[in-house]
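# Summary of the model geometry
Residue strings, one per chain:
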Amino acid sequence: MSLFALRPLLVRNQRFSQLSMLRGLSTLPQQVRTYATAQRKSASTSSLSASTDRSDVSTDVRPMGERVKENTKTASYLGIILVGVGVTATLFYYTFRELFSSNSPNNIYTEALDRVKNENRVKDALGAPIKGFGEESRRGRRTHVAHTSYIRDGVQYIRMQFYVQGIRNKATVHLEKKMNESGDYEYRYLFVQLDYYPHTTVIIEDNRLQQDIPKPGSALEPIL
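Residues numbered from 1 in each chain as written. Predicted model: local features only at pLDDT ≥ 70, side-chain atom pairs only at ≥ 80, totals over all residues. Heavy atoms only, no water.

Attention now goes to the overall build of the protein. When helices and strands are tallied, the protein shows 5 helices and 8 strands. For the protein, the succession of helices and strands along the chain, N to C, is α-α-α-α-β-β-β-β-β-β-β-β-α. Taken over 224 residues, the protein has a buried fraction of 19%. Pairs at least 24 apart in sequence give 41% of the contacts found in the protein among residues at least 6 apart. Surface exposure of the protein reaches about 17,400 Å², of which carbon and sulfur atoms provide 58%. (Helix = DSSP H or I, 4+ residues; strand = E, 2+ residues; numbered from the N terminus. Buried < 20%, exposed > 50% of the residue type's maximum accessible area, 1.4 Å probe, protein only. Contact = heavy atoms within 4.5 Å. Areas by Shrake-Rupley, 256 points an atom, 1.4 Å probe, with all protein chains shown as cover.)

Grouped together as the largest cluster of nonpolar side chains are 24 residues, with contacts concentrated most on Met-160, Phe-162, Val-164, Leu-175 and Val-192. The set of elements that each furnish at least two residues to this core consists of helix H3 (105-117), helix H4 (120-126), strand E5 (155-165), strand E6 (170-179), strand E7 (185-194) and strand E8 (201-206). The contact partners of Val-192, leaving out residues within four places of it in the chain, are Val-116, Val-122, Val-164, Ala-171, Thr-172, Val-173, Thr-200, Thr-201, Val-202 and Ile-204. (Core = buried A, V, L, I, M, F, W, Y, C linked by side-chain atoms within 4.5 Å.)

Following Ala-128, the chain continues to Pro-129 via a peptide bond in cis, the omega torsion being 0°. Put simply, Tyr-197 and Pro-198 share a cis peptide bond, and its omega is 15°. Of note in this structure, Asp-153 is not a glycine but carries a positive phi near 55°. Within the element layout of this structure, Asp-153 appears in the loop between strand E4 (146-152) and E5.

Within the secondary structure, Asp-184 is located in the loop between E6 and E7. The partly exposed category is assigned to Asp-184, whose relative accessible area is 38%. For the pair Asp-184 and Asn-103, spaced 81 residues apart in sequence, the C-alpha separation works out to 6.8 Å. Sequence-distant contacts of Asp-184, defined by excluding residues within four places in its chain, comprise Asn-103, Lys-178 and Met-179.

Scanning all chains against the criterion turns up 6 salt bridges. One salt bridge in this structure joins Arg-115 and Glu-205, with 2.5 Å as the shortest N-O distance. Placement of the pair is Arg-115 in helix H3 and Glu-205 in strand E8, with a sequence separation of 90 residues. For Arg-115, a relative accessible area of 28% translates into the label partly exposed. Judged by relative accessible area, Glu-205 falls into the partly exposed class, the value being 21%. Between Asp-206 and Arg-208 there is a salt bridge; the shortest N-O distance is 2.9 Å. The class for Asp-206 is partly exposed, based on a relative accessible area of 33%. On the accessibility criterion, Arg-208 (34% relative accessible area) is partly exposed. (Salt bridge = Lys/Arg side-chain N within 4 Å of Asp/Glu carboxyl O.)

Following the sequence through the fold, Gly-127 ends up in the loop between H4 and strand E1 (131-133). Overall, Gly-127 belongs to the buried group, its relative accessible area being 2%. C-alpha of Gly-127 to C-alpha of Lys-170: the two residues are 43 residues apart in sequence and 9.4 Å apart in space. Here Gly-127 is in contact with Val-122, Gly-166, Ile-167 and Arg-168, once residues within four sequence places are set aside.

All right, on to the packing of aromatic side chains then. Enumeration according to the criterion identifies 4 aromatic pairs in this entry. Judged by centre distance (5.9 Å) and plane angle (25°), the ring pair of Phe-133 and Tyr-163 falls under stacked. Residue Phe-133 is found in strand E1, and its partner Tyr-163 is found in strand E5; the two are separated by 30 residues along the sequence. Tyr-163 matches Phe-133 in its accessibility class, with the two residues each being buried. (Phe/Tyr/Trp six-rings, centres within 6.5 Å; stacked < 30°, edge-to-face > 60°.)

A word on the confidence of the model for the protein. Mean pLDDT for the protein: 75, with 58% of residues reaching 70 or above. Scored below 50 in pLDDT, residues 218-224 shows 4 contacts in the model against residues more than four places distant or in partner chains. (pLDDT = per-residue confidence, 0-100.)

This is the structure we're talking about:
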């Protein structure tokens, strides 16, 4: 084939190559933009991951001495709270024992007052109805009942004094109880002394003679 016959074919190939190159150049900016966008997304993801990692790190930058001081203060507050709870529990215990125990002074006073109020000799002497009260305070309140507890020969005793008043007269009540082997108090004596002349004494219960008898084998037992 002659050179003149191949010339149109060479010219056509050259034009096709130039057209392809121009098309490649026209799409180059779009590829560059796509690459730049991908790079920005990758950088944003890396920044977010770094922020998440930094959130796990403690941000408490206070000095060590200040943090120790804060912890000490918190421990002190906790100790005060625990002490308060302990004191409150102790108060509840003693209050419960005072109100509900049969051996408490308050219950001993209530039981003795009921016996005195139901005693016919006392009602005749004072006049019913009868009310009871304790020592009079500076403000005129009669709420305190005088009592004392003591131990003698290893045995617990309680002694009490309070007052009763009827519509005519007043009287003073004296009692003493002794704890038995079962852990309960029993009367040694309970009597009412009238405050007016001739100061008659109404004996409601008196077990001193029986309780004071020496037990066999004791040092007080008479030698025959």
